[in-house]
Amino acid sequence: MNIRRPQIKEAIQNSGLKQKFVAEKLGVSEITLSYYISGTRNPSRERLRDLARICRCKISDLEG
């Protein structure tokens, strides 16, 4: 799975949601979400699906 990190940040921004809210909905800490955004960690397929649902976008928008 090739995650496009800039797209994660963009999806969150486009949704109008705060990173803290998104992290809470994902069930991860804000630090973990920032790791996903920076590329330090890769979200699981399940987390990626949940992120797409929360941000109201397609999983393919987050993958490369």
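Anything mentioned here points back to the structure above.
Rules used throughout
- Residues numbered from 1 in each chain as written.
- Predicted model: local features only at pLDDT ≥ 70, side-chain atom pairs only at ≥ 80, totals over all residues.
- Heavy atoms only, no water.
- Salt bridge = Lys/Arg side-chain N within 4 Å of Asp/Glu carboxyl O.
- Helix = DSSP H or I, 4+ residues; strand = E, 2+ residues; numbered from the N terminus.
- Buried < 20%, exposed > 50% of the residue type's maximum accessible area, 1.4 Å probe, protein only.
- Core = buried A, V, L, I, M, F, W, Y, C linked by side-chain atoms within 4.5 Å.
- Contact = heavy atoms within 4.5 Å.

Participant: A description of the pattern of salt bridges should follow, citing residues and the corresponding values.
Facilitator: Counting across every chain of the model gives three salt bridges. One salt bridge connects E63 with R45, and the closest N-O pair in it is separated by 2.1 Å. Here E63, found in the segment after α5 (59-62), pairs with R45, found in helix α4 (residues 45-55); they are 18 residues apart in sequence, far enough to count as distant. Assessed through its relative accessible area of 47%, R45 is described here as partly exposed. Notably, a salt bridge pairs D50 with R53, separated by 4.0 Å at the nearest N-O pair. One end of the pair, D50, and the other, R53, are both in helix α4, three residues apart, so they sit about a helical turn from each other. Judged by its relative accessible area of 13%, D50 is buried.

Participant: Requested: an account of the nonpolar core, with residues and values cited.
Facilitator: One finds I8, I12, V22, L26, L33, L51 and L62 to be the most contacted residues of the largest nonpolar core, which totals 16 residues. Those elements that place two or more of their residues in this core are α1 (5-15), α2 (19-26), α3 (30-38) and α4. Broken down by element, the residue count for this core peaks at five residues, all from α4. Excluding anything up to four places from it in sequence, L33 contacts I12, Q19, V22, A23, L26 and V28.

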